[in-house]
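Residues per chain are reported as follows:
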Amino acid sequence: MIIYQGIVAVALARNPSLIRAEQPMASDLSSTDCTALRGGASLRRRRDLVFVVNPRGANGTTVQQWKKLLPYLRSRLGDDCNICESLTSGPSHAIDITREAIREGADAVIAVGGDGTLHEVVNGFFCSGKPVCNHDMNSSHSTALGIIPLGTGSDFARTLGWKNDPHDAIERIAKGLKSKIDVGCITGEIGESHYFINVADIHLSAKAGYYASRYKKFGNLCYVIGALQAFFRHHNQDLRIKVDEGEWEVCSQVTALCIGNAKYFGGGMEITPNANPSSGDYEVVILQDFKWYDFIFKMHKLYNGTHLSVKNVSSRRARSIEVEEIGSNSSIYVQSDGEFLGFLPRKFSLLPGVIELIC
């Protein structure tokens with residue numbers, strides 16, 4: 001048996017004769033439950049599905065919802081799929097689980113929870129700047145990405161027009177239809193590449209997200225609290241940008257710069273309303289010279305995606321964009337999919353069609 005940090009490798013699930021259904025497969029069963037469900041003879045190969053669950057998501061309600069959902073999931077998918085449930089034990093564990101599942105030939109890794117869990121799973125599809133590959137070089141299939149939205153925020157699912165209904169998500173998984181989607185890649189002066197599927201943002205919005213992460217226990221209200229805290233001592237900043245390897249341009253008095261592979265962030269704010277994760281490019285939205293009262297009077301436009309007509313808001317398409325501050329304060333925040341990444345400078349490149357999404 002192959003065991004990796006509490007996750008039983010998918011290779012084990014492919015041989016049902018090795019285990020009994022519902023039998024514990026590792027000493028720390030509190031974090032992992034893998035099941036090989038034996039069905040009748042079938043000409044079609046059973047799909048190996050790994051469900052990555054954050055038990056601390058949405059203040060612990062994610063795992064409660066997941067436990068209630070499991071009987072339906074098993075009854076709906078168990079005849080055709082080998083089901084492996086993996087509970088994460090801390091930050092970045094979902095990345096490790098995803099990488100190992102792909103290497104062992106999983107048909108799909110399903111992110112169960114909110115955008116934070118999805119973000120980690122997406123990063124698990126890559127390692128050392130390259131897509132993770134199946135150990136079996138002769139394998140003809142790749143690992144797909146799936147989503148069951150159960151967390152505080154499901155902004156990426158909202159972009160796709162999906163209801164926040166886990167039963168609908170299970171039906172999509174059962175059908176198994178796939179579509180290739182783009183993924184954003186962020187590089188800096190040092191360190192590994194970082195990947196995002198939704199929205200990356202810079203300056204005020206990123207600072208607000210950084211503070212909001214401290215108040216997750218308040219649900220979507222955390223974004224309001226984070227924004228209020230970020231406004232304190234905020235100053236608009238001149239930035240320099242380079243789009244699609246062109247010439248450097250100066251953007252004066254930038255309040256926020258958002259790079260959208262998808263439409264929404266911050267719990268439903270339609271910040272990049274023309275973004276499409278299958279378009280092959282980003283939508284870049286820049287807010288300049290905003291004052292605190294501008295957000296009070298224009299917040300509704302930011303949420304319904306009509307802010308592109310507002311003065312001092314611009315939008316453009318890009319396949320890559322480099323951003324650096326003018327000066328040397330090193331204090332311009334950067335985040336992606338709600339995860340704090342540090343400070344400028346950064347380059348944002350798009351990887352078109354690099355992941356198959358169960359849709």
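Residues numbered from 1 in each chain as written. Predicted model: local features only at pLDDT ≥ 70, side-chain atom pairs only at ≥ 80, totals over all residues. Heavy atoms only, no water.

1. Quick notes on the confidence of the model for the protein
Low pLDDT means the predicted atomic positions in that stretch should not be read closely. The pLDDT averaged across the protein works out to 86; a share of 86% of its residues lies at or above 70. pLDDT under 50 marks residues 1-32. Its contacts with residues more than four places away, or in other chains, come to 64 contacts. Confidence drops under a pLDDT of 50 for residues 35-42, and excluding neighbours within four residues, the segment shows 21 contacts in the predicted structure. (pLDDT = per-residue confidence, 0-100. Contact = heavy atoms within 4.5 Å.)

2. So, the packing of aromatic side chains
In this description, a pair of aromatic rings is defined by centroid distance and the angle of the planes. Counted under the stated rule, the structure contains 12 aromatic pairs. On the basis of an interplanar angle of 10 degrees and a centroid distance of 4.0 Å, the ring pair of F126 and Y195 is categorised as stacked. With F126 in strand β7 (residues 126-127) and Y195 in strand β11 (residues 194-196), this pair connects stretches of sequence that are 69 residues apart. Of the two residues examined, F126 and Y195, each falls in the buried class. When the centroid spacing of 5.1 Å and the interplanar angle of 75 degrees are considered together, the rings of Y333 and F343 count as edge-to-face. One end of the pair, Y333, is in strand β18 (residues 333-336); the other, F343, is in strand β19 (residues 339-343), with 10 residues separating them in the sequence. Residue Y333 is classed as buried on the basis of its relative accessible area, which comes to 14%. For the cation-ring pair, R172 lies above W162, with the distance from its terminal atom to the ring centre recorded as 3.7 Å. In this structure, K298 packs its charged tip against the face of F290, placed 5.2 Å from the ring centre. (Phe/Tyr/Trp six-rings, centres within 6.5 Å; stacked < 30°, edge-to-face > 60°. Helix = DSSP H or I, 4+ residues; strand = E, 2+ residues; numbered from the N terminus. Buried < 20%, exposed > 50% of the residue type's maximum accessible area, 1.4 Å probe, protein only. Lys NZ or Arg CZ within 6 Å of the ring centre and 35° of its normal.)

3. So, the pattern of salt bridges
Overall, the coordinates contain 9 salt bridges when judged by the stated rule. Ionic pairing is found between K347 and E245, a salt bridge with its closest N-O pair at 2.7 Å. Residue K347 is found in strand β20 (residues 346-358), and its partner E245 is found in the loop between β13 (237-243) and β14 (248-260); the two are separated by 102 residues along the sequence. Overall, the relative accessible area of 23% leaves K347 in the partly exposed class. (Salt bridge = Lys/Arg side-chain N within 4 Å of Asp/Glu carboxyl O.)

4. Section: the nonpolar core
Judged by nonpolar contacts, the single largest core of 29 residues is most densely connected at L118, V121, V122, L145, F156 and I355. Here this core spans two domains, since at least three of its residues come from each of domain 1 (47-176) and domain 2 (194-352). Dropping the residues within four chain positions of it, L145 is found in contact with V109, L118, V121, V122, F125, I181, I197, I355, E356, L357 and I358. Within the second largest apolar cluster, 23 residues are counted, among which are A200, I202, C251 and I332. (Core = buried A, V, L, I, M, F, W, Y, C linked by side-chain atoms within 4.5 Å. Domains from an automatic or database assignment.)

5. Comments concerning a nonpolar patch on the surface
On the surface, F218, L221, V224 and L228 cluster together to form a nonpolar patch covering roughly 390 Å² of accessible area. Residue position: F218 is located in the loop between α7 (204-212) and α8 (221-231). Judged by relative accessible area, F218 falls into the partly exposed class, the value being 41%. (Patch = residues over 30% accessible without salt bridge, like charges linked within 9 Å, V, L, I, M, F, W, Y side chains within 5 Å. Areas by Shrake-Rupley, 256 points an atom, 1.4 Å probe, with all protein chains shown as cover.)

6. Here's the deal with empty space enclosed by the protein
As enumerated under the stated definition, the model contains 1 cavity of 30 Å³ or more in all. Its volume calculated, the largest cavity comes out at about 40 Å³. Lining the largest cavity are G113, G114, D115, L118, I147, P149, S154, F156 and A157. Breaking the lining of the largest cavity down by element, the ones donating at least two residues are α4 (115-124), β9 (144-149) and α5 (155-159). (1 Å grid on protein atoms, 1.4 Å probe; cavity = no way out; pocket = protein on both sides within 12 Å on 5 of 7 lines; lining within 4 Å. Points joined across faces, edges and corners; volume = space filled by probe spheres on them.)

7. Concerning unusual backbone geometry
Cis rather than trans, the peptide bond between L344 and P345 has omega equal to 5 degrees. Its place among the elements puts P345 in the loop between β19 and β20. Its identity as a non-glycine residue notwithstanding, E245 has a phi of 60 degrees, on the positive side. Within the chain, Q253 stands out as a residue other than glycine whose phi angle is a positive 50 degrees. Among the structural elements, Q253 can be located in strand β14.

8. Some thoughts on the packing of α7 against α8
It is at 7 Å that the axes of α7 and α8 come closest, and there the two elements cross at 120 degrees. Taken together, α7 and α8 sit at an angle that is classed as oblique. Between α7 and α8 the crossing geometry is right-handed. Where α7 approaches α8, its residues L204, K207, A208, Y211 and A212 are matched on the opposing element by C222, Y223, G226, A227, Q229, A230 and F231. Here the residues of the contact of α7 with α8 sort into 9 nonpolar, 2 polar and 1 charged. (Axes fitted to C-alpha atoms, helices over the stretch in contact; angles between N-to-C directions. Parallel < 35°, antiparallel > 145°, perpendicular 65-115°, else oblique. Left-handed = near helix turned anticlockwise from the far one by under 90°. Nonpolar A, V, L, I, M, F, W, Y, C, P; charged D, E, K, R; others polar.)

9. Some details on α7
Across the 9 residues that make up α7, a large majority, 8, are buried. Residues of α7 that are buried: L204, S205, A206, K207, A208, G209, Y211 and A212. Tucked inside the fold, the buried residues of α7 contact β12 (199-203), α8, β14, α9 (292-304) and β18.

10. Quick look at the environment of I358
As for its position among the elements, I358 is in strand β20. For I358 and A108, which are 250 residues apart along the polypeptide, the C-alpha to C-alpha distance reads 8.3 Å. Contact partners of I358, with chain neighbours within four places excluded, come to A108, I110, A144, L145, G146, W162, R172, I173, G176, L177 and K178.

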